[in-house]
Every structure is written in structure tokens, then in C-alpha cells.
Amino acid sequence: MPTAHADDAENLINHALVIGASGGVGAGFIEALAHQNVSVTTLSRSADGFDLADANSIEKTAKRFADMGTTFDLILIASGILDVRQPDGQVAGPEKSFRDLESDNAMTAFAVNALGPALVFKHFAALMPARQRAVFVALSARVGSIGDNGLGGWMSYRASKAALNQFIRCASIEHTRRHKDHLVIAMHPGTLPTALTEKYAKGRYTDDPMDAANRMLTVIRSLTPAQTGHFFAYDGTQIVW
């Protein structure tokens, strides 16, 4: 696992933006960053009306920060969906087979898990300071790895996270041509006890949200610009696309 030098760690993140603050992983990051004396700005649909499925919401929020002159040296997207709530109020879980695949559910998963974070990058990347180290992180999932998929199932969730990974890869290539000190990465947080996982994890948790956040922050601090555009697990190991 990569490690950051203790004397340097506190200087590498000064102002963080956590998107998905009302979720379990987002809350873990907020708590971990606060304990490390990092200034944290938060966004969530429940508290701020910030909706990853609404392009206008994303653009207007980014413009509001830009108008205030706000910058972030860490932008972290901790939002995502596994279950999809349908218009009639019923909840569709991840597909067990292609017989369960439904267009509307899949499109919702793509809107929130892939296109939303891509639009956040489009509008928020300019809020990272141009001439110093900054990191853009989107939380992905190991099941989004095509190379690591030996089980099948969960098609919409897997495919939406795979699409997110491709957006991150493209963003890193384009962005770091001009911003050599920036990193754009995807991260797998592990399986954590949150509302997203409670029906499916069956007790196979890797950590609690705050400890997982601390682990990921250690990895984030340790990465060099040469490692931009990759997919990392919470312990710093690289995951195959």
C-alpha cells in the first residue's frame, strides 16, 4: 500500500468537496477529513438539492462556487445507486440475469453512477487550483471492473460503474495535459455497512465508513501525478479495468 510522509500529509488537502454527503461513505469522509483539520464543503440531494441526474443542477452549483472564487484541492464523488426506485414506488434491485434487465432501470443507474460524475468533472474541474496539487476522485466499485468479472449478474450496476471508469480515464488524459500536478482517479471503497449495501453484503464488510475513508485518504495523499487515470482499491492496490 502506498504511504504518505507524515510531515507532508496535512499539507496535501486543504479544502475538500464531498458530493454525496448524506450517504454512509460520504459521511465517513466528512468525519475523517474533519478530524484531519481539512475544510470540508458538502453537497447532497437531500440537503442542497444537488442531483447527479440533473445536468442543470450540476452546472448551476459549479457556477455558484466559481462566482464565489471557491477552489478545492480534493473533489470527491461518493454518490451512487444500486437499487432503483421506480415511479410506482417499488424498488428494483440489481439484476440476477438478463431476464431482469429493464431499460428504465438501467438508464437511471447510468445517469447517477456514470453520466452524473462525468458532468461533475466537466463543470467542477475548473474549481481545482491550477498551479498546485489537486485530486478529483469518483468512487467506483470493483464489480465495475470488466477484467475482474467472473460471476456476471448485476448488469446495470456493473456496466454503469465500468462507464464511470472510462469517463475517469478519458478525463485524466484530457485534464492532465494542461494540469500536470492534478490527478483524476477512480476508487473502490470496499464493502461498507451503508444503506446501499445492507441488503446485499451479507455481513461481508471490509471496514466501517470512517476507517475506509481514512485508508483512502492515505492512498490519495500518497499518489503521484504519474498515477493519474487509474482505478485503485481502498488499500492502494490497482484494480484492472
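Look a little higher up for the structure.
Residues numbered from 1 in each chain as written. Predicted model: local features only at pLDDT ≥ 70, side-chain atom pairs only at ≥ 80, totals over all residues. Heavy atoms only, no water.

(A) Geometry of the sheet that holds strand β3 (residues 74-77). Pairing is parallel across the open sheet formed by six strands, whose spatial order is β2-β1-β3-β6-β7-β8. The sheet is open, and its two borders are formed by β2 (39-43) and β8 (231-233), each paired with just one other strand. Taken over all neighbouring pairs, the strand axes of this sheet differ in orientation by 25 degrees on average, direction set aside. One ladder, built from six bridges, connects strand β6 (residues 134-139) with strand β7 (residues 182-188); its direction is parallel. When the sheet's bridge partners are listed, Leu139 is paired in β7 with Met187. (Pairing = 2+ DSSP bridges. Helix = DSSP H or I, 4+ residues; strand = E, 2+ residues; numbered from the N terminus. Axes fitted to C-alpha atoms, helices over the stretch in contact; angles between N-to-C directions.)

(B) Representation of unusual backbone geometry in the model. Here Asn37, not a glycine, exhibits a phi torsion of approximately 60 degrees, which is positive. In this structure, Asn37 sits in the loop between α2 (24-35) and β2. Of note in the backbone geometry, Trp154 takes a positive phi value of approximately 55 degrees without being a glycine. Within the fold, Trp154 resides in the loop between β6 and α6 (155-175).

(C) Main features of the pairing of β7. The buried fraction of β7 amounts to seven of the seven residues, a majority that puts the element mostly inside the structure. Burial along β7 is two-sided: the face carrying His182, Val184, Ala186 and His188 and the face carrying Leu183, Ile185 and Met187 are both buried. You can see the chain leave β6, run along α6 and come back into β7, and the turn it takes is right-handed. Judged from the three bridges that link them, β7 and β8 form a sheet pairing that is parallel. Bridge assignment links Ala186 to a residue of β8, and that residue is Phe231. (Buried < 20%, exposed > 50% of the residue type's maximum accessible area, 1.4 Å probe, protein only. Right-handed = clockwise from strand over helix to strand, strands pointing away.)

Function cannot be inferred from these measures alone, as they are strictly geometric.
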